[in-house]
Amino acid sequence: KLCIQLINPNTSLGMTEVMAATARQVAAPGTEIWAVCPEEGAPSIEGHFDEAIAAIGVLQQVKAGRAAGVDGHIIACFGDPGLLAARELAQAPVIGIAEAAMHMATLLATRFSIVTTLPRTLTIARHLLHQYGFERHCAALHAIDLPVLALDDGSGLAQQKVREQCIAAKKSDGSGAIVLGCGGMADLAQELTLELGIPVIDGVSAAVKMVESLAALRLSTSKHGDLDYPIEKPLSGRFAGLNLG
Ligand SMILES: O=C(O)C[C@H]1NC(=O)NC1=O
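Residues numbered from 1 in each chain as written. Predicted model: local features only at pLDDT ≥ 70, side-chain atom pairs only at ≥ 80, totals over all residues. Heavy atoms only, no water.

Colleague: Would you mind going over the side chain of Glu51 with me for this structure?
Modeller: Among the secondary structure elements, Glu51 is positioned in helix H2 (residues 48–68). One buried charged side chain, Glu51, makes no salt bridge at all; its nearest oppositely charged neighbour is Arg120, positioned 9.8 Å away. Ignoring anything within four residues of it in the chain, the contact list for Glu51 reads Ile45, Gly79, Pro81 and Ile124. (Helix = DSSP H or I, 4+ residues; strand = E, 2+ residues; numbered from the N terminus. Buried < 20%, exposed > 50% of the residue type's maximum accessible area, 1.4 Å probe, protein only. Lys, Arg positive; Asp, Glu negative; His and termini not counted. Salt bridge = Lys/Arg side-chain N within 4 Å of Asp/Glu carboxyl O. Contact = heavy atoms within 4.5 Å.)

Rendered as structure tokens:
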């Protein structure tokens, strides 16, 4: 039996539930999904400032997950905030939903498009493409130009915009697959894949299966080199709790 810690780095419980439901739908019968979010932080993550705040909450959750002995951690925000820091802290694999979705897309198509929320998030997605080495695989990036929490307001408007952007991207980008650029879009991928007839990939689902694969292969975060545990030192104030000791 596996336990995967699904961390929504923003503090919006509705989004956590959407991701958790999707993760549980794709998880293998023996896999438990433990969905969490930081006790304090940003209700949505829409830029570098929000990501810096969210990263601390991610680390606190990763520490709790490590103590609980989880088999993997998923950072379920398209900016993958705190990913490398989390890998230093963790023993088990740590997978960001952006890298998971991008890797999955490159296995299925020579070019993929990204559909995300705000135009300023496009810049963050571009940074990730560069960091992960996927720039030449990404044909284009699109934004629905609505805030992240529009996906959580029950109106369905954001979901409709995602659908429209995916249809347009399929027509115009010359890409064979689409990556959904927000954890809150997790529940849209399967329906859009059927409707569009091309892989529309959600990073939450992709990350769940990647953690399961790594666990099955008995592979985990390398502690040799820069992802070794953090150097012990007296962290002060609110950060004292992040010590591994
Ligand atoms: O940047 C975005 O649009 C997506 C990103 N922000 C967030 O709060 N969850 C996310 O997946």
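Colleague: Explanation requested: the sheet that holds strand E5 (residues 112–116) in the structure shown.
Modeller: Sheet strands associate in pairs through backbone hydrogen bonding, adopting either a parallel or an antiparallel arrangement. Ordered by their spatial adjacency, four strands build an open sheet running E6-E5-E7-E8, and the pairing between neighbours is parallel. Each edge of the sheet is formed by a strand with only one pairing partner; in this case those strands are strand E6 (138–143) and strand E8 (200–202). The sheet shows a mean angle of 25° between the axes of neighbouring strands, direction not considered. Pairing geometry for E5 and E6, over five bridges, is parallel. By the bridge assignment for E6, Ser113 is matched with Ala140. Of the strands in this sheet, E5 and E6 are in contact with helix H5 (residues 119–132), which crosses E6 at around 155°. (Pairing = 2+ DSSP bridges. Axes fitted to C-alpha atoms, helices over the stretch in contact; angles between N-to-C directions.)

Colleague: When you look at the pattern of salt bridges in this model, what are you seeing that I'm missing?
Modeller: Pairing is possible between side chains that carry opposite charge, provided their charged atoms lie close to one another. Taken as a whole, this structure holds four salt bridges when the rule is applied. Residues Glu40 and Arg238 are paired through a salt bridge, measuring 3.8 Å at the closest nitrogen-oxygen approach. Placement of Glu40 in the loop between strand E2 (31–36) and H2 and of Arg238 in the segment after helix H8 (203–216) is noted, with a sequence separation of 198 residues between them. The residue Arg87 makes a salt bridge to Glu99 at a minimum N-O spacing of 2.4 Å. Here Arg87 is found in helix H3 (residues 83–89), whereas its partner Glu99 is found in helix H4 (residues 97–106), with twelve residues between them in sequence. The same class applies to Arg87 and to Glu99, which are both buried.

Colleague: Which parts of the structure should I look at to understand the sheet that holds strand E3 (residues 72–75)?
Modeller: Taking strand neighbours across the sheet as the criterion, the four strands line up as E2-E1-E3-E4 in an open arrangement whose pairing is parallel. The open sheet is flanked by E2 and strand E4 (94–96), the only strands paired with a single partner. Ignoring strand direction, the axes of neighbouring strands in this sheet form an average angle of 25°. Bridge count between strand E1 (residues 2–7) and E3: four bridges; the pairing is parallel. Note that in E3 the partner of Ile7 across the bridge is Ile75. Docked against the sheet, helix H1 (residues 13–26) engages E1 and E2, running at close to 170° with respect to E2.

Colleague: Would you take a moment to explain the site of the ligand for this structure?
Modeller: Around the ligand sit 13 residues, and of these Asn10, Ile45, Phe78, Thr117 and Gly183 come closest. At 2.9 Å from an oxygen atom of the ligand is found a side-chain nitrogen or oxygen belonging to Asn10. Within the side chain of Thr117, one N or O atom sits 2.3 Å away from an oxygen atom of the ligand. Of the residues assigned to the shell around the ligand, the class counts are six nonpolar, seven polar and no charged. (Near = heavy atom within 4 Å. Polar contact = N/O pair within 3.5 Å; in protein donor to acceptor, adjacent residues only side chain to side chain. Nonpolar A, V, L, I, M, F, W, Y, C, P; charged D, E, K, R; others polar.)

Colleague: Honestly, unusual backbone geometry in this entry has me stumped. Any pointers?
Modeller: One can expect most non-glycine residues to show negative phi and most peptide bonds to be in trans. If you check the backbone angles, Asp80 has positive phi at about 50° while not being a glycine. You can see Asp80 is positioned in the loop between E3 and H3. A positive phi angle is found at Arg218, which is not glycine, with a value near 55°. Relative to the assigned elements, Arg218 resides in the segment after H8.

Colleague: Got a minute to help me understand the environment of Pro43 in this structure?
Modeller: With respect to the element layout, Pro43 can be found in the loop between E2 and H2. Along the sequence, Pro43 and Val148 sit 105 residues apart, while their C-alpha atoms lie 9.3 Å from each other. Every residue in contact with Pro43, bar those within four places of it in the chain, is listed here: Asn10, Thr11, Ser12 and Leu149.

Colleague: Help me out: how do you make sense of the packing of H1 against H8 in this one?
Modeller: The relative placement of two packed helices comes down to the angle between their axes together with the axis-to-axis distance. Taken N-terminus to C-terminus, the directions of H1 and H8 make an angle of 45°; their axes are 9 Å apart at the nearest point. In this view, H1 runs oblique relative to H8, as classed from their interaxial angle. Helix-helix and strand crossings are classified by hand; for H1 and H8 the assignment is right-handed. Taken together, the residues of H8 that come into contact with H1 (itself represented by Met19, Thr22, Ala23 and Val26) are Val204, Ser205, Val208 and Lys209. Per-class residue counts for the contact of H1 with H8 are five nonpolar, two polar and one charged. (Parallel < 35°, antiparallel > 145°, perpendicular 65-115°, else oblique. Left-handed = near helix turned anticlockwise from the far one by under 90°.)

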